[in-house]
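Chain and residue survey
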Amino acid sequence: MICILLVAGHGTVLEAQIKNDETGLYSHLSGVPKALLPGIGGKKILDFWWETVNMRQLFTAVYLVTNADKYKHYERWATASDFPVENIINDGSTTLEDRLGAVADLELVVRSRKLQDDIMVIAGDMLCADQNFDIAQVIRFFRSKPGELIIYYELEEGEKSSSRGIVEVCHDSHRVTRFLEKPQEGQTASQLASVVFYCIQRDTLSYTSDFLSQQPQTVGRTFGQFWEWLINEKQCHVFGMKVPTGFQLIGQVGLSDYTKWLAHYSTKQQGSPAKPITCRSYARVGLMGNPSDGFNGKTIAMTIANFWAEVTLLETQTLVLVPHPLNDPTEFGSLQDLFCISRKEGCVCSQLTEPSGELLVCDAMRRFAELTDQARTAFRDKDWRRLVQLMDQNFELRRSVYTDDCLGPGNLKMVELARQFGSAVKLPGSGGAVVGLCLDQARLVRVRCGGVSVGL
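Because the structure is predicted, anything quoted here is derived from the model rather than measured.

Within the chain, the secondary structure is distributed over 13 helices and 15 strands. Here the C-alpha atoms of the chain give a radius of gyration of 32 Å, more than 25% beyond the 23 Å that 2.2 N^0.38 yields for 456 residues. For the chain, the proportion of contacts with a sequence separation of at least 24, taken over those separated by at least 6, is 69%. Surface exposure of the chain reaches about 25800 Å², of which carbon and sulfur atoms provide 51%. If the 47 positive side-chain charges of the chain are averaged to one point and the 53 negative ones to another, these points end up 8 Å apart.

Structure follows, in structure tokens:
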């Protein structure tokens, strides 16, 4: 099955009201397509649908149809959301007046990509009240019926049937017996509203071309009129599946609709807020090798229990990174404060010693890996004297690549002190500490005393 997300509508009313809103609360959303506006829990409306249908075991491909006016917005969204950019189809329209119409957008995808499979069609810019929607259940229901499938729900308080496509459904067979697009009052007693959420069999897709040939005007190329024609005139077998949730922001809506339904659905979700999650990552001490995250390095390391970084996750409307007030300063009294604190606690980037630094680094990474393999053997054989030699070689290799200027006088002072008393020594990380191996207990005591005497 293939899924098609439709977001090619031109939300002129909502966009204009956001742009002209005098409160300034929504100025940051000016020009943003409706599907990319914040939805429930701060998640973009389209993010919800992409997460819902991004299931390889259910869909062989997912396509997104947009217009030329908003194409760049969705291209950037796709890049950030791991959606295949090549699966975005631009229908070429730039205004509400020259739009193709929803059925024509569907036909464009099927024709241009030569699709020959059952299709699920979803309006990717509508708000869904149920953030745990089970898309697999919809597909199972569709597979169990000999025809097309329409998703519908019970109109919520305040909704009018004249603003929706209304279905009349046989309770026993679930077959849709009549479809009415925005019926007038008294035309039907049904309160069952259809939304742009359908499953269409591959053999039925050809009907879209027949329908479009009878609808030269864009205004008539809506899915509501398509289903009226297919069900009421063609008498095709179409079934309905009722879902216990609501859908809003369908078609042309205003800012008041957006804020009202977002607040309404968000309140429903706040019944049981998630508990905070706190995790720690303990300090890593590199005993041998080099992690070389950018060079595919190799290392032997251990963690220590009395130093760690701690992160707490809280459920919020938006993603906010809150720094630790002491350990992660973001404000400084002066440029001098920033310089001194960064020099003491920050990271320093450096240049390699040679213009041909890339080759030097690659050679060093290979040598680090060899030393690490040899250290592993030494650990296994408990050959501590060999391990002492390897630790010293590890440091000298790093020193040759980064130079003394980069390592800094403080790090070199610790290394020299340890070696003065016969201890093997190397940097366990980016700097600021050393790790050593001393096989003589008496010398180890002198190393400690020597460190204290110079303030280490």
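We are not done yet, so read on.
This part is about the nonpolar core. Judged by nonpolar contacts, the single largest core of 95 residues is most densely connected at Phe-197, Trp-227 and Phe-247. Examining the composition of this core, we find that eight residues originate from one element, strand 9 (residues 192-200), more than from any other. Sequence-distant contacts of Trp-227, that is, excluding residues within four places in its chain, are made with Glu-148, Ile-150, Phe-179, Tyr-198, Ile-200, Asn-232 and Val-238. With 19 residues, the next largest nonpolar core counts Met-365, Leu-390, Val-401 and Ala-424 among its residues.

This part covers a nonpolar patch on the surface. Residues Phe-332, Leu-335, Leu-338 and Ile-341 make up a contiguous nonpolar surface patch of roughly 340 Å² in combined accessible area. Among the secondary structure elements, Leu-335 is positioned in helix 9 (residues 335-345).

Moving on, we come to the packing of aromatic side chains. Using the criterion set out here, one finds 17 aromatic pairs in the structure. Each ring, one from Trp-49 and one from Phe-247, has its centre 6.5 Å from the other, and the planes form 15 degrees; the classification is stacked. Remark: Phe-247 occurs in strand 11 (residues 247-248) and Trp-49 occurs in helix 2 (residues 45-53); sequence separation between them is 198 residues. Each member of the pair, Trp-49 as well as Phe-247, carries the same accessibility label: buried. Above the face of the Tyr-402 ring, Arg-398 is positioned so that its terminal group lies 5.8 Å from the ring centre.

Glancing now at the pattern of salt bridges. Pairing is possible between side chains that carry opposite charge, provided their charged atoms lie close to one another. Within this structure, the stated rule accounts for 20 salt bridges. A salt bridge links Arg-143 to Asp-118, with the shortest nitrogen-to-oxygen separation between them at 2.6 Å. Taken together, the residues Arg-143 in helix 5 (residues 135-143) and Asp-118 in the loop between helix 4 (102-112) and strand 4 (119-123) connect sequence positions 25 residues apart. Of the charged contacts in the structure, one is a salt bridge between Arg-399 and Glu-396, with a shortest N-O distance of 3.9 Å. Pair noted here: Arg-399 and Glu-396 are both in helix 11 (residues 384-407), with a separation of three residues, about one helical turn. A relative accessible area of 22% means that Arg-399 is categorised as partly exposed. One salt-bridge network, in which partners are shared between bridges, spans Asp-392, Glu-396, Arg-399, Asp-404 and Arg-419.

Reading guide: rules and limits
Numbers given to residues run from 1 along each chain, matching the order in which its sequence is written. Reporting in this predicted model follows two pLDDT cut-offs: at least 70 for local features of residues, and 80 or more for side-chain atom pairs to be given and counted; totals over whole chains, interfaces and linings ignore these cut-offs and use all residues. Side-chain figures throughout are based on the complete set of non-hydrogen atoms in the structure, without hydrogens or water. Helix and strand labels come from DSSP, where a helix needs a run of H or I of at least four residues and a strand needs a run of E of at least two; each type is numbered from the N terminus. Throughout, radius of gyration means the C-alpha value; the globule benchmark is 2.2 Å times the number of residues raised to the power 0.38. We call two residues contacting when some pair of their heavy atoms lies within 4.5 Å. All accessible-area figures derive from a Shrake-Rupley calculation using a 1.4 Å probe, and residue coverage is judged against the displayed protein chains alone. In this tally, Lys and Arg are treated as positive and Asp and Glu as negative; His is ignored, and so are the chain termini. By convention, charge coordinates are those of NZ in Lys, CZ in Arg, CG in Asp, or CD in Glu. Among buried residues, those of type Ala, Val, Leu, Ile, Met, Phe, Trp, Tyr and Cys that are joined through side-chain atoms within 4.5 Å constitute a nonpolar core. Only protein chains enter the area calculation, which uses a 1.4 Å probe; residues under 20% of their type maximum are buried, those over 50% are exposed, and those in between are partly exposed. Residues enter patches when they are more than 30% accessible in relative terms and free of salt bridges; like-charged ones are connected within 9 Å and nonpolar ones (Val, Leu, Ile, Met, Phe, Trp, Tyr) within 5 Å. The salt bridge definition used is simple: a Lys or Arg side-chain nitrogen within 4 Å of an Asp or Glu carboxyl oxygen. Under the pairing criterion, centres of Phe, Tyr and Trp rings, with the six-membered ring standing for Trp, must be within 6.5 Å; the plane angle then separates stacked pairs below 30 degrees from edge-to-face pairs above 60, leaving the rest tilted. We call a charge positioned over a ring when the NZ of a Lys or the CZ of an Arg lies within 6 Å of the ring centre and within 35 degrees of the ring normal.

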